[in-house]
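This is what each chain is made of:
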Amino acid sequence: MPSYRATTNVHRASGTNRPFIRSLLLSLAIAVGLLAGAPTAQAQERATTDPLGGGSSALDLYQVKVVNNAKGVRITVRMKAVDWDAETTPVGEFLLLLDTNHRSRGAEFAEEVGIPGDGGFRALKGSKKHRTSWRTYPFAGKCGKTVRERYDLENGKVVVHVKPKKGCLYHPKYVRVNVRTIQSGQIDEFGYHEHTPARIDHLPYKNTFTPRVKYSRK
């Protein structure tokens with residue numbers, strides 16, 4: 001009998017603790033769910049490093065960071081610093097493709113500049129009027145005025161910031177980019193020397209975009 005009572009008491013204790021255990025498990029599940037959802041809530045920015053490297057190029061890409069929030073779309077590219085006072089100066093171009101419409105194939109915009117040289121931001125799709133509106137060079141159009149471009153090659157940094165404006169680019173749901181540099185040659189005291197083939201670096205890969213960055217108001 002004592003043995004039976006002891007067993008019975010154990011069962012009663014287990015039954016009493018079940019609501020508490022269920023409550024504890026539910027709390028843990030909620031906590032895990034919140035933690036799992038945290039990255040999505042903070043998905044307004046993402047940094048992607050160069051997976052392959054372009055060490056042979058004087059325009060080697062290191063990293064691209066994409067921000068998509070209430071202040072607009074901002075892309076920051078890190079690359080090998082250019083020393084304009086060195087014995088040789090790289091010659092080539094910088095190209096950034098910006099995809100802002102996940103329902104449409106390919107990129108909608110491009111930032112393309114010669115190194116050294118000129119260039120700017122432009123729309124790749126739409127009517128002639130639309131594309132003219134997005135130009136930043138040689139004169140900024142209506143939507144081109146929302147674009148801020150900063151080339152600090154001496155410190156290996158390029159920044160393109162598209163501010164939100166209705167009728168131009170107003171808080172796209174998702175954005176992603178592809179970055180490419182081409183070093184076609186170099187200049188030294190003897191003149192220009194062409195690289196055959198050209199030294200090309202892609203980030204992340206050729207014909208591939210970085211992961212999409214979802215818009216967040218924060």
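Above this text sits the structure in question.
The rules behind these values
- Residues numbered from 1 in each chain as written.
- Predicted model: local features only at pLDDT ≥ 70, side-chain atom pairs only at ≥ 80, totals over all residues.
- Heavy atoms only, no water.
- Core = buried A, V, L, I, M, F, W, Y, C linked by side-chain atoms within 4.5 Å.
- Buried < 20%, exposed > 50% of the residue type's maximum accessible area, 1.4 Å probe, protein only.
- Helix = DSSP H or I, 4+ residues; strand = E, 2+ residues; numbered from the N terminus.
- Contact = heavy atoms within 4.5 Å.
- Salt bridge = Lys/Arg side-chain N within 4 Å of Asp/Glu carboxyl O.
- 1 Å grid on protein atoms, 1.4 Å probe; cavity = no way out; pocket = protein on both sides within 12 Å on 5 of 7 lines; lining within 4 Å.
- Points joined across faces, edges and corners; volume = space filled by probe spheres on them.
- Nonpolar A, V, L, I, M, F, W, Y, C, P; charged D, E, K, R; others polar.
- Pairing = 2+ DSSP bridges.
- Axes fitted to C-alpha atoms, helices over the stretch in contact; angles between N-to-C directions.

Participant: When you look at the nonpolar core in this model, what are you seeing that I'm missing?
Facilitator: Soluble globular proteins: nonpolar side chains tend toward being buried together. In this structure, Val-77, Leu-98, Trp-134 and Val-179 are the most contacted members of the largest nonpolar core, which totals 30 residues. Going through the elements one at a time, strand 2 (61-69), strand 3 (72-79), strand 4 (89-99), strand 5 (109-115), strand 6 (119-123), strand 8 (157-162) and strand 9 (174-188) are the ones with two or more residues in this core. In terms of residue count, strand 3 provides more of this core than any other element does, four residues in total. When residues no more than four places from it in sequence are discounted, the contact partners of Trp-134 are Phe-109, Phe-121, Arg-122, Ala-123, Cys-143, Gly-144, Thr-146, Val-147, Val-162, Cys-168 and Leu-169.

Participant: I'm lost on the pattern of salt bridges in this one. Help?
Facilitator: Between side chains of opposite charge, pairing is possible as soon as their charged atoms come close. Throughout the structure, instances matching the rule amount to seven salt bridges. Two residues, Lys-65 and Glu-45, come together in a salt bridge whose shortest N-O distance is 3.6 Å. With Lys-65 in strand 2 and Glu-45 in strand 1 (residues 45-49), this residue pair connects regions lying 20 residues apart in the sequence. The class of Lys-65 is partly exposed, set by a relative accessible area of 30%. Exposure remark for Glu-45: the relative accessible area of 39% places this residue in the partly exposed category. Residues Arg-176 and Asp-99 are paired through a salt bridge, measuring 2.7 Å at the closest nitrogen-oxygen approach. Of this pair, Arg-176 sits in strand 9 while Asp-99 sits in strand 4, and the two are 77 residues apart along the sequence.

Participant: What is the right way to look at the layout of surface pockets in this model?
Facilitator: Over the atoms rolls a probe the size of a water molecule, and in doing so it shows where empty space is left. Approximately 200 Å³ is the volume found for the largest pocket. If you list the elements that add at least two residues to the lining of the largest pocket, you get strand 4 and strand 9. Of the residues assigned to the lining of the largest pocket, the class counts are four nonpolar, five polar and two charged.

Participant: In this structure, what is going on with unusual backbone geometry? I would like to understand it.
Facilitator: Glycine aside, a negative phi is what most residues show, and trans is what most peptide bonds show. Cis geometry is found at the peptide bond from Ile-115 to Pro-116, where omega equals -15°. Here Pro-116 shows up in the loop between strand 5 and strand 6. A cis amide bond, omega 0°, links Thr-196 with the succeeding residue Pro-197. With respect to the secondary-structure elements, Pro-197 resides in strand 10 (residues 191-203). With phi around 50°, His-171 is a residue other than glycine that occupies positive phi space. Within the secondary structure layout, His-171 lies in the loop between strand 8 and strand 9. Assessed through its relative accessible area of 22%, His-171 is described here as partly exposed. The phi dihedral of Asn-207 is positive, around 60°, even though this residue is not glycine. If you trace the backbone, Asn-207 turns up in the loop between strand 10 and strand 11 (213-214).

Participant: I'm lost on the sheet that holds strand 8 in this one. Help?
Facilitator: The strands that make up a sheet pair up through hydrogen bonds in the backbone, lying either parallel or antiparallel. Ordered in space as 1-2-3-8-7, the five strands form an open sheet in which the pairing is antiparallel. Strands at the two margins of the open sheet, each flanked by one partner only, are strand 1 and strand 7 (147-152). Going across the sheet, the axis of each strand differs from the next one's by a mean of 10°, ignoring polarity. As defined by bridge partners, strand 7 adjoins strand 8 across six bridges and the pair is classed as antiparallel. The residue of strand 8 that forms the bridge with Asp-152 is Lys-157.

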